[in-house]
Amino acid sequence: MAVGQTESEKEIIRLKRQLSRERKARIQAEEIAEHATRELYEKNLDLNRANRDLEQFAYIASHDLQEPLRMVSSFTQLLAKRYRGRLDKDADDFIAFAVDGARRMQGMINDLLAYSRVGRPNADIVPVDANEAYHRAISNLTGTIEESAADITHDALPVVRAGNAELARLFQNLLGNAIKFRGDAPPKIHIAAVRDGAAWRFSVRDNGIGMPMDNREKIFDLFKRLGSREKYPGSGLGLAIAKRIVERSGGRIWVESEPGRGSIFFFTLPASDGGCS
Amino acid sequence: MTDRIDAGPVEILLVEDNPGDVRLTLEAMKESKVLNNITVMKDGGEALLYLRRQGPYADAPRVDIVLLDLNLPVRDGREVLAEIRADPELTHLPVVILTTSAAEADILRSYQLHANCYVTKPFDLEGFTAVVRSLEGFWLSIVKLPRLDSDD
């Protein structure tokens, strides 16, 4: 077969073979890629489904748990009201623990319900004036602000794309967090916003107790609490709700902090004047 | 209030299927200054029979005011409210919705069906007691309730 073939004929055959090998490899690679894409797509569908189920579960669980808990809480309170000092010291203690436990669980369930409600219908992403949302948050926090003598200032805030009630809740949770984790001095909090491409980057700066950097991811987890319950009451859901609100609008939330030197919470939200790509 | 005593106790119908809530309401009403009689019905169907003085309730007194839960077995509170408003004999009755639901849809629907007011049950005892007291103060002392001739 090789007899009589010229060098250039041999070269052509070699090139043809190489070409055919490469074509096969390319087809194989495409098949693998296609398969992987399909698998990824299906995994993504599964993940979305699992997420939806989880949300549904959290909603139903928190909603349906409220009813029996209300009974526990009401009747232990009634017991405390009618029988305090009429049984003995132990009984008073036991009742007080039951009342306190029920009250805390109610707080957690309320917050879990709020968490699972983020992104439910009637919370459409629309242009929202952050100034308005900020003022609603402030009015919801009136008691806490007066009690702690907090000094809260803010720059002019932009219009962003978010859920209307959710943005107020976001400010409320971040401000509430800043006030709760205050140091010895009255809280000083400043809210600012700077344009960053198609988004606005907000910052909430406080003069509170701060935190070590290795905690900066954990604080956004569900039911995660860093301080003691006695000193810092709450369900441990405030920042998890904040994170969920921000991420649902396509933004990001993070914190920069140092123990004893305050914290700055940052979050981004898409600007309402487009540029979204 | 003197008219009230002359006319006999205020007849209240509480339509509520949760025994805990029934008890809480009764406990809160215990210290009421207004002479009253509370009857409890645990489902919507029975409540309507009682209001219409039908079946086993032929001798029931005329009800002056209804405290109505929304989520009830057999016929729920919305159906009971709609029936009350559609019945010429009952349509005048003040109906207070007293429910755990804070859903906008339930609130709107209840007023569309001409509920007289809509109250969400507070979560703690103090709040619940305060609500029952306010309802009592408003509906049994402040406002004038319609009274049909006791026998027609």
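What counts and how
- Residues numbered from 1 in each chain as written.
- Chains lettered and ligands numbered in written order.
- Predicted model: local features only at pLDDT ≥ 70, side-chain atom pairs only at ≥ 80, totals over all residues.
- Heavy atoms only, no water.
- Contact = heavy atoms within 4.5 Å.
- Salt bridge = Lys/Arg side-chain N within 4 Å of Asp/Glu carboxyl O.
- Helix = DSSP H or I, 4+ residues; strand = E, 2+ residues; numbered from the N terminus.
- Pairing = 2+ DSSP bridges.
- Axes fitted to C-alpha atoms, helices over the stretch in contact; angles between N-to-C directions.
- Buried < 20%, exposed > 50% of the residue type's maximum accessible area, 1.4 Å probe, protein only.
- pLDDT = per-residue confidence, 0-100.
- Left-handed = near helix turned anticlockwise from the far one by under 90°.
- Nonpolar A, V, L, I, M, F, W, Y, C, P; charged D, E, K, R; others polar.

A word on the interface of chain A and chain B
Part 1 of the argument: With twelve residues of chain A at the interface, the matching set in chain B holds 14 residues.
Part 2 of the argument: Between the two partners, chain A and chain B, sit two salt bridges.
Part 3 of the argument: Here R70 of chain A makes a salt bridge to D21 of chain B, at a shortest N to O gap of 2.7 Å.
Part 4 of the argument: Of all the elements, helix 1 (residues 7–83) of chain A adds the most residues to the side of chain A that touches chain B, at eleven residues.

Things to note about the sheet that holds strand 5 (residues 117–120) of chain B
Residues and elements named next belong to chain B.
Part 1 of the argument: The parallel open sheet is built from five strands, whose spatial order is 2-1-3-4-5. The sheet is open, and its two borders are formed by strand 2 (36–41) and strand 5, each paired with just one other strand. Mean inter-strand twist for the sheet, computed between neighbouring axes without regard to direction, equals 20 degrees.
Part 2 of the argument: Alignment of strand 1 (residues 10–15) against strand 3 (residues 65–68), held across four bridges, turns out to be parallel. Residue pairing in the sheet places I12 in a bridge with I65 of strand 3.
Part 3 of the argument: Strands strand 4 (95–99) and strand 5 of the sheet are contacted by helix 5 (residues 104–112), whose axis makes an angle of about 155 degrees with strand 5.

Considering the pairing of strand 6 (residues 253–257) of chain A
A regular strand places its side chains on the two faces of the sheet in alternate fashion.
Residues and elements named next belong to chain A.
Part 1 of the argument: Residues I253, V255 and S257 of strand 6 are buried on one face, while the alternating residues W254 and E256, pointing to the opposite face, are not.
Part 2 of the argument: As paired strands, strand 6 and strand 7 (residues 263–270) are joined by five bridges and run antiparallel to one another. Within strand 7, the position partnered with E256 by the bridge is I264.
Part 3 of the argument: The antiparallel hairpin formed by strand 6 and strand 7 contains five residues in its connecting segment, where G260 sits at a positive phi of about 80 degrees.

Quick word on the environment of V255 of chain A
Residues and elements named next belong to chain A.
Part 1 of the argument: By secondary structure assignment, the location of V255 is in strand 6.
Part 2 of the argument: In the structure, V255 is positioned 40 residues away from N215 in sequence and 9.6 Å away in space, judged by C-alpha atoms.
Part 3 of the argument: Sequence-distant contacts of V255, defined by excluding residues within four places in its chain, comprise M211, M213, R216, I219, F220, S263, I264 and F265.

Regarding the confidence of the model for chain B
Residue and element names in this part refer to chain B.
Part 1 of the argument: In the predicted model, chain B carries a mean pLDDT of 87, and the fraction of residues at 70 or more is 92%.
Part 2 of the argument: Overall, residues 1–5 carries pLDDT values under 50, and its contacts beyond four positions in sequence, including any with other chains, amount to seven contacts.
Part 3 of the argument: Per the prediction output, this complex has pTM 0.63; the corresponding ipTM is 0.73.

Focus: the packing of helix 5 (residues 164–180) of chain A against helix 6 (residues 238–248) of chain A
When two helices pack together, their arrangement is captured by the angle between the axes and the distance separating the axes.
All names here are of chain A.
Part 1 of the argument: Viewed as axis vectors pointing N to C, helix 5 and helix 6 meet at an angle of 145 degrees, and their least axial separation amounts to 9 Å. The hand of the helix 5/helix 6 crossing is left-handed. Residues E166, R169, L170, N173, L174 and N177 of helix 5 lie in contact with helix 6, whose contacting residues are G238, L239, I241, A242, I245, V246 and R248.
Part 2 of the argument: For the contact of helix 5 with helix 6, the per-class residue count stands at seven nonpolar, three polar and three charged.

So, the pattern of salt bridges
Part 1 of the argument: If you walk through the whole model with that rule in mind, you get 25 salt bridges over all chains.
Part 2 of the argument: With its nearest N and O atoms 3.9 Å apart, the salt bridge here joins E34 of chain A to R38 of chain A. On the criterion of helical spacing, the pair formed by E34 of chain A and R38 of chain A is a turn pair, its members being four residues apart in helix 1.
Part 3 of the argument: Linking K243 of chain A and E247 of chain A is a salt bridge whose minimum nitrogen-to-oxygen distance equals 3.8 Å. Note that K243 of chain A and E247 of chain A are positioned in helix 6 at a spacing of four residues, about one turn of the helix.
Part 4 of the argument: The class of K243 of chain A is partly exposed, set by a relative accessible area of 29%.
Part 5 of the argument: It is possible to trace a salt-bridge network through shared partners that takes in E67 and R70 of chain A together with E16, D21 and K121 of chain B.

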